[in-house]
Amino acid sequence: MAAPPSALYPLVRALLREASVLGPDDDALSVFRVDLGTGDRAIVSSSAPMSGRGAGPSLQDTRGIAMDGGRLFVGLRAMRNFTVVEIDLASGDRTVVADANRGSGTTTFSITGFDIEGGIGYLAGSRDYLLRFDLSTGDRTIVSGPGLGTGPVLGNLSGLTVQGTNAYSSVTQMQSIVRFDLTDGTRTLLSERLIGDGPRT
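Rules behind the numbers
Residues numbered from 1 in each chain as written. Predicted model: local features only at pLDDT ≥ 70, side-chain atom pairs only at ≥ 80, totals over all residues. Heavy atoms only, no water. Helix = DSSP H or I, 4+ residues; strand = E, 2+ residues; numbered from the N terminus. Buried < 20%, exposed > 50% of the residue type's maximum accessible area, 1.4 Å probe, protein only. Contact = heavy atoms within 4.5 Å. Areas by Shrake-Rupley, 256 points an atom, 1.4 Å probe, with all protein chains shown as cover. Phe/Tyr/Trp six-rings, centres within 6.5 Å; stacked < 30°, edge-to-face > 60°. Salt bridge = Lys/Arg side-chain N within 4 Å of Asp/Glu carboxyl O. Pairing = 2+ DSSP bridges. Axes fitted to C-alpha atoms, helices over the stretch in contact; angles between N-to-C directions. Polar contact = N/O pair within 3.5 Å; in protein donor to acceptor, adjacent residues only side chain to side chain.

Peer 1: Whenever I open this one, the overall build of the chain confuses me. Can you help?
Peer 2: Helix and strand counts for the chain come out as zero helices and 16 strands. A burial count over the chain gives 42% of its 201 residues as buried. For the chain, contacts bridging at least 24 residues in sequence account for 42% of all contacts bridging at least 6. Here the chain has roughly 9,900 Å² of accessible surface; of this, 52% comes from carbon and sulfur atoms.

Peer 1: Help me understand the packing of aromatic side chains in this model?
Peer 2: We describe a pair of aromatic rings using the distance from one ring centre to the other and the angle between the two ring planes. Scanning all chains against the criterion turns up one aromatic pair. With centroids separated by 6.3 Å and ring planes inclined at 20°, the aromatic side chains of F114 and F133 adopt a geometry described as stacked. Here F133 lies in strand β11 (residues 130-134) and F114 lies in strand β9 (residues 111-117), a separation of 19 residues in the sequence. The exposure class of F114 is buried, given its relative accessible area of 3%.

Peer 1: Whenever I open this one, the pattern of salt bridges confuses me. Can you help?
Peer 2: Think of it this way: side chains of opposite charge can pair up when their charged atoms draw near. If you walk through the whole model with that rule in mind, you get one salt bridge. Measuring nitrogen to oxygen at the nearest pair gives 2.8 Å for the salt bridge that ties R71 to E86. In this pair, R71 is assigned in strand β6 (residues 71-78) and E86 in strand β7 (residues 81-87), connecting sequence segments 15 residues apart.

Peer 1: Any chance you could explain the sheet that holds β11 here in plain terms?
Peer 2: The strands that make up a sheet pair up through hydrogen bonds in the backbone, lying either parallel or antiparallel. Pairing within the open sheet is antiparallel, and its four strands lie in the order β9-β10-β11-β12. Each of the sheet's edge strands pairs with one partner strand only, and the pair in question is β9 and β12 (140-144). With direction set aside, neighbouring strand axes in the sheet form an average angle of 25°. Examined bridge by bridge, strand β10 (residues 120-125) and β11 share five bridges and lie antiparallel to one another. Each residue of the ladder has a partner; that of Y122, found in β11, is R132.

Peer 1: Can you help me understand the environment of G145 in this one?
Peer 2: Within the secondary structure, G145 sits in the loop between β12 and β13 (157-163). Spatially, the C-alpha atoms of G145 and L130 are 6.4 Å apart, while their sequence positions differ by 15 residues.

Peer 1: It is not clear to me how the pairing of strand β14 (residues 166-171) should be interpreted in this structure. Could you clarify?
Peer 2: Consecutive side chains along a regular strand alternate between the two faces of the sheet. Only one face of β14 is covered, namely the face carrying A167, S169 and V171; the face carrying N166, Y168 and S170 is uncovered. Strand direction decides the pairing type here: β13 and β14, joined by five bridges, are antiparallel. Residue pairing in the sheet places V162 in a bridge with A167 of β14. Counting the residues in the hairpin turn of β13 and β14 gives two residues, including G164, whose phi is positive at 65°.

Peer 1: Would you mind going over the side chain of R187 with me for this structure?
Peer 2: Turning to its location among the elements, R187 is positioned in strand β16 (residues 187-191). A polar contact is formed between the side chain of R187 and the backbone oxygen of G149, at a distance of 3.1 Å. Excluding its chain neighbours within four sequence positions, the residues that come into contact with R187 are D128, S144, G145, L148, G149, T150, G151, P152, L154, V178, R179 and F180.

Peer 1: Explain the pairing of β9 to me, please; I cannot follow it from the model alone.
Peer 2: Among the seven residues of β9, six are classified as buried, and the element is accordingly described as predominantly covered. Of the strand pairs in this sheet, β9 and β10 are connected by six bridges, and their pairing is antiparallel. Counted as the bridge partner of I111 is G125 from β10. Where β9 hands over to β10, the hairpin turn is made up of two residues, of which G118 adopts a positive phi near 60°.

Peer 1: Help me understand the environment of L89 in this model?
Peer 2: Relative to the elements of secondary structure, L89 occurs in the loop between β7 and β8 (94-99). On a C-alpha basis, the gap between L89 and R71 in space is 7.9 Å, while along the polypeptide they are 18 residues apart.

Peer 1: Could you clarify how one ought to interpret unusual backbone geometry in this entry?
Peer 2: Among all residues save glycine, negative phi is the norm, and among peptide bonds the norm is trans. Although it is not a glycine, D61 adopts a positive phi angle of roughly 65°. Counting through the fold element by element, D61 comes out in the loop between β4 (41-46) and β5 (62-68).

Structure, rendered in structure tokens:
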């Protein structure tokens, strides 16, 4: 049995579920649960050699974690591509729901952010793209990017959170926060060096 993780991974890539925090630990190749009442830690799924929990793809290089309708998903970066897996909370088994080999749509896409809203998955990544994908088929559609949607050319995105009809990400090169309109792909800078007061991000 896998040993409990020793510390929380940064909460920027974790999520709250009832009285627990769920988060990935890249060093341990694991997703873990932390009880907020007792501080106890337990492995939900792990691909670590000799001490893993559940079968399926490796949990190396996680780029986001999300839960939708009681289902847990993790986004992974795989070289110049991406993988999204669903994790069975009871067994720890990991099943691919989207990657270059499942579903149609763009494939050369290095994932840097991932979220799910209302049964629909979203991927942020390299080359200024924001993608929507179908959890049941893996099919991918570009929501915003070069030639689609109005707004500034952004560069590589980092992180992603979706709320209603909007998605939010950061752009490292521009030191900025950007909002995407999921209905038409419009990109709007909310904060950057020339917008808003305070220290640079």
